[in-house]
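Analysis of the macromolecular model
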Amino acid sequence: MVKKHLTKKQLDDLRAQLIKEEKKMESTIVRLKENDPFNDPDHATDNAAVDTDVREQLGHDTVEAQMKEVQKELILVRGALEKMHKGTYGFCDRCKEPIVLARLKYVPQTKYCINCEKILRK
Ligand SMILES: [Zn+2]
């Protein structure tokens, strides 16, 4: 039997929040892809000046970096939804203690309680 510390209502609210986050991140990824200058249909064919190439490279690198960040978060969000499904949501991955609700509301995709997060960040 899985221990529970959240009510169904609290879980439902957090799930809704996670799904909203997931959708937001998915559309951010789509938007980032569109903003990638390497996706510009003119890109492959243009033999533009060097400074244009540099600008495109910079734009591409920025998009890549942002994309990585969003994808990392998206993995966390999906992991949290997966844990909800399994009934293990809301417990710290490290110490296995319940994560306080206030923290879950603030960062529903978190894997760790505040104490472990502090230790892991050091
Ligand atoms: Zn912990």
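Residues numbered from 1 in each chain as written. Predicted model: local features only at pLDDT ≥ 70, side-chain atom pairs only at ≥ 80, totals over all residues. Heavy atoms only, no water.

1. Details of the coordination of the zinc ion
Each protein donor to the zinc ion is listed here as Cys 92 (SG), Cys 95 (SG), Cys 113 (SG) and Cys 116 (SG); together their distances run 2.2 to 2.4 Å. Every donor counted, the four donor atoms about the zinc ion form angles of 105 to 116 degrees at the centre, which fits tetrahedral coordination. In the primary sequence, the donor residues of the zinc ion line up as C-x2-C-x17-C-x2-C. Of this pair, Cys 95 sits in the loop between helix H2 (50-86) and helix H3 (101-106) while Cys 116 sits in helix H4 (residues 114-121), placing them 21 residues apart in sequence. Judged by relative accessible area, which is 32%, Cys 95 ranks as partly exposed. (Donors = N, O, S within 2.8 Å, 3.2 Å for Na, K, Ca; no water. Tetrahedral: all angles 85-135°; square planar, octahedral: opposite > 155°, others 65-115°. Helix = DSSP H or I, 4+ residues; strand = E, 2+ residues; numbered from the N terminus. Buried < 20%, exposed > 50% of the residue type's maximum accessible area, 1.4 Å probe, protein only.)

2. Section: the UniProt feature "zinc finger region: dksA C4-type" (unreviewed entry) in the chain
This chain's UniProt record puts "zinc finger region: dksA C4-type" (unreviewed entry) on residues 92-116. Along residues 92-116, the helical share is 36% and the strand share 0%, with 8 Å between the first and last C-alpha atoms. (UniProt positions renumbered as here; feature names shortened; annotations may be inferred.)

3. What to know about the pattern of salt bridges
Under the definition given, this model contains 10 salt bridges. Measuring nitrogen to oxygen at the nearest pair gives 3.3 Å for the salt bridge that ties Glu 69 to Lys 72. With Glu 69 and Lys 72 both in helix H2 and three residues apart, the pair spans about one turn of that helix. Given a relative accessible area of 45%, Glu 69 falls into the partly exposed group. (Salt bridge = Lys/Arg side-chain N within 4 Å of Asp/Glu carboxyl O.)

4. Thoughts on the environment of Gly 90
Along the chain, Gly 90 turns up in the loop between H2 and H3. Take Gly 90: its relative accessible area is 3%, and that puts it in the buried class. Expressed as a C-alpha distance, the spacing of Gly 90 and Gln 109, which sit 19 residues apart in the sequence, is 9.3 Å. The residues contacting Gly 90, other than those within four sequence positions of it, are His 5, Leu 6, Glu 97, Pro 98, Ile 99 and Leu 104. (Contact = heavy atoms within 4.5 Å.)

5. Let's talk about the packing of helix H1 (residues 8-35) against H2
One way to put it is that H1 packs onto H2 with a least axis distance of 9 Å and a crossing angle of 155 degrees. When the axes of H1 and H2 are compared, the pair comes out roughly antiparallel. Here the hand of the crossing between H1 and H2 comes out left-handed. Taken together, the residues of the contact of H1 with H2 break down into 15 nonpolar, four polar and seven charged. (Axes fitted to C-alpha atoms, helices over the stretch in contact; angles between N-to-C directions. Parallel < 35°, antiparallel > 145°, perpendicular 65-115°, else oblique. Left-handed = near helix turned anticlockwise from the far one by under 90°. Nonpolar A, V, L, I, M, F, W, Y, C, P; charged D, E, K, R; others polar.)

6. What to know about H2
Relative to the 54 Å expected for 37 residues at 1.5 Å per residue, H2 spans 53 Å between its end C-alpha atoms, a close match to the ideal helical length. Buried residues of H2: Thr 52, Glu 56, His 60, Val 63, Met 67, Val 70, Leu 74, Val 77, Ala 80, Leu 81, Lys 83 and Met 84, and no others. After H2 finishes, the residue Gly 87 shows a positive phi value of roughly 85 degrees. (Expected span 1.5 Å × (residues − 1).)

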